[in-house]
Amino acid sequence: MAGPAVDWVSGLAFAPGVALVLVYFSTGKNWGWASGWSLLTLGAGLALIAWWLYRSLTSANPLIAVRSFANRTIAIGGLVTALVAMSTLQIAVFFSLLLQAPTWTIAGLGLTATMAGLAKLPSNISSTFAGPLGGWLAGRGGGRNALVVGGLITTTGWLLVLMDASSFAIIVAELIVISFGATMLFSVAPTIIAQASPPERISEISGMLTVIRQLFLGIGAQMVATLLAVDVVTRGTETYPSPSAYQLTIMVIIGLCVVAILVAFALPKNLKPKDTI
């Protein structure tokens, strides 16, 4: 006998609600954070998200199973994913600006877009080994240990950037460290969540994890853009982030990475693939 029909309406308000909240943060500086249009946009977005949450929690068969996040492991995995997406996964946004900014800004290296892209190539290659390592650690020490190790590695990379980002070679090496840890995190988190998910909900919850990652990638990109605009240097009509703006952004990213590591400690200690079927 078929179960309750999928409540498609319960999922409709999520995307526009989040979009309106992002519009507020992306246009607030120009419109005015406390202007009528800005507050109306924010209020409408939050109201839609609240309605979506209520409808998903009360529906017998919602499009997005929000109730699944009552499971501690699933909730922690989702939260770690969100924090990492907001922080260390902003490497493309952050480093493309840093590498291409003119040398007169003091912080920038004045590279072409091609060279800025090539700076990421070594880290992409080295990261192919990070996924298997994350799986190996998860299989022997548990998913929590793998997440913590990945978080420590990527945080170390950002600390190195904070101390020295003065040359192309140094940044390439730092990108390798950052990307290696980030890849470990994202190879382990979906596995941990799948282990804790009901078999009939695994694909749905995995899809929700992708939504969380993409959503907080967008939020993180807006956060980075806002932080870099806090302090700028100008020459003629050109305006770029100042060295202090880059340092502030790095410190916020490091802070979020540290929070992700601390959150990972709330996972069960010995959660391993063999524990679930």
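Our subject in this report is the structure included herewith. Within each chain, residues carry numbers counting from 1 in the order of the written sequence. It should be noted that, the model being predicted, local features are given only for residues of pLDDT at least 70 and side-chain atom pairs only at 80 or more, the latter also being counted only at that level, while totals for whole chains, interfaces and linings use all residues. Hydrogens and water are ignored here; the side-chain numbers use all heavy atoms of the structure.

What about the overall build of the chain?
For helices the rule is a DSSP run of H or I covering at least 4 residues; for strands it is a run of E covering at least 2, with both sets numbered from the N terminus onward. For the chain, the helix and strand inventory stands at eleven helices and two strands. When the helices and strands of the chain are listed from N to C terminus, the series reads α-α-α-α-α-α-α-α-α-α-β-β-α. Relative to its length of 277 residues, the chain is compact, with a C-alpha radius of gyration of 21 Å against a globular reference of 19 Å. The C-alpha extent of the chain, read off along each of the three principal axes, is 70 × 55 × 30 Å. The buried share among the 277 residues of the chain stands at 43%. Throughout, a residue-residue contact means that at least one pair of heavy atoms, one from each residue, lies within 4.5 Å. In the chain, once contacts between residues fewer than 6 apart in sequence are set aside, the share between residues at least 24 apart is 74%. The protein chains shown are the only cover counted for residues, whose accessible areas, like all others here, come from Shrake-Rupley with a 1.4 Å probe. Only carbon and sulfur atoms are counted for the fraction: they give 71% of the accessible area of the chain, which is about 13,400 Å². Under the counting rule used here, the positive set is Lys and Arg, the negative set is Asp and Glu, and His together with the chain ends is not counted. We put the charge of a Lys on NZ, of an Arg on CZ, of an Asp on CG and of a Glu on CD. Mean positive and mean negative side-chain charge positions of the chain (13 and 8 charges, respectively) differ by 10 Å. In this setup the radius of gyration rests on C-alpha atoms only. A globule is expected at 2.2 Å times the number of residues raised to 0.38. Per-residue accessibility, obtained with a 1.4 Å probe over protein chains only, is compared with the maximum for each type, and a residue is labelled buried under 20%, exposed over 50%, and partly exposed between these values.

A word on helix H11 (residues 243-264)
In this scheme, a helix's expected span is set at 1.5 Å multiplied by one less than its residue total. An ideal rise of 1.5 Å per residue puts 32 Å on 22 residues; H11 measures up with 32 Å between its terminal C-alpha atoms. Of all the positions in H11, only Ala245, Tyr246, Thr249, Ile250, Ile253, Ile254, Leu256, Cys257, Ala260, Ile261, Val263 and Ala264 are classed as buried. Contacts made by the buried residues of H11 are with helix H3 (72-86), helix H4 (91-100), helix H8 (143-163), helix H10 (202-228) and strand S2 (238-241).

Looking at a nonpolar patch on the surface
Exposure above 30% relative accessible area and no salt bridge define the residues that can form patches, which grow by joining like charges within 9 Å and nonpolar side chains of Val, Leu, Ile, Met, Phe, Trp and Tyr within 5 Å. Should a side-chain nitrogen of Lys or Arg be within 4 Å of a carboxyl oxygen of Asp or Glu, the pair is scored as a salt bridge. A contiguous nonpolar surface patch, about 460 Å² in accessible area, is contributed by Val23, Trp31, Trp37 and Leu40. Tracing the backbone through its elements, the reader meets Val23 in helix H1 (residues 14-31).

Quick word on the layout of surface pockets
By volume, the largest pocket amounts to about 500 Å³. Whether a set of points on the 1 Å grid over the protein atoms alone is a cavity depends on a 1.4 Å probe fitting there but being unable to get out, while an open set qualifies as a pocket with protein on both sides within 12 Å along at least five of seven lines; lining residues are those with an atom within 4 Å of a point. Forming the walls of the largest pocket are 22 residues, and the residues nearest its centre are Phe14, Val18, Ile49, Leu215 and Phe216. Tallying contributions element by element places H10 first for the lining of the largest pocket, with eight residues. Classifying every residue of the lining of the largest pocket gives 19 nonpolar, three polar and no charged. As for the second largest pocket, its lining consists of Phe94, Leu98, Ile106, Ala107, Val161, Leu162, Asp164, Ala165, Pro243, Tyr246, Gln247 and Ile250. Grid points are joined across faces, edges and corners, and a volume is the space filled by probe spheres set on the points. Ten residue types, Ala, Val, Leu, Ile, Met, Phe, Trp, Tyr, Cys and Pro, are classed as nonpolar, four, Asp, Glu, Lys and Arg, as charged, and the remainder, Gly among them, as polar.

What to know about the pairing of S2
A pair of strands is considered paired only if DSSP assigns at least 2 bridges between the two. Pairing of strand S1 (residues 232-235) with S2 involves four bridges; the strand directions are antiparallel. Bridged to Arg235 within S2 is Glu238. The hairpin turn running from S1 into S2, its antiparallel successor, is two residues long, and Gly236 in that turn takes a positive phi close to 65°.

Let's talk about the nonpolar core
By convention a nonpolar core is built from buried Ala, Val, Leu, Ile, Met, Phe, Trp, Tyr and Cys residues, the set being connected through side-chain atoms within 4.5 Å. Formed by 50 residues in total, the largest nonpolar core has its most connected members in Phe94, Phe95, Leu98, Leu147, Trp158 and Ile171. Considering each element in turn, this core owes the most residues, eleven residues, to helix H9 (residues 168-196). Residues in contact with Phe95, not counting those within four places in the same chain, are Trp158, Val161, Ile171, Leu175 and Ile178. Ala13, Trp52, Ala82 and Leu215 belong to the second largest nonpolar core, which has ten residues in total.

Comments concerning the packing of aromatic side chains
Each Phe, Tyr or Trp ring (for Trp, its six-membered ring) is paired with any other whose centre lies within 6.5 Å, and the angle between the two planes then decides the class: stacked below 30 degrees, edge-to-face above 60, tilted in between. All chains considered together, the criterion is met by five aromatic pairs. Relative to Tyr240, the ring of Trp104 lies with its centre 5.7 Å away and its plane at 80°, an arrangement referred to as edge-to-face. Here the residue Trp104 occupies a position in the loop between H4 and helix H5 (113-118), and Tyr240 occupies one in strand S2, the gap between them amounting to 136 residues. Members of the aromatic cluster, each reached through a chain of ring pairs, are Phe94, Phe95, Trp158 and Tyr246.

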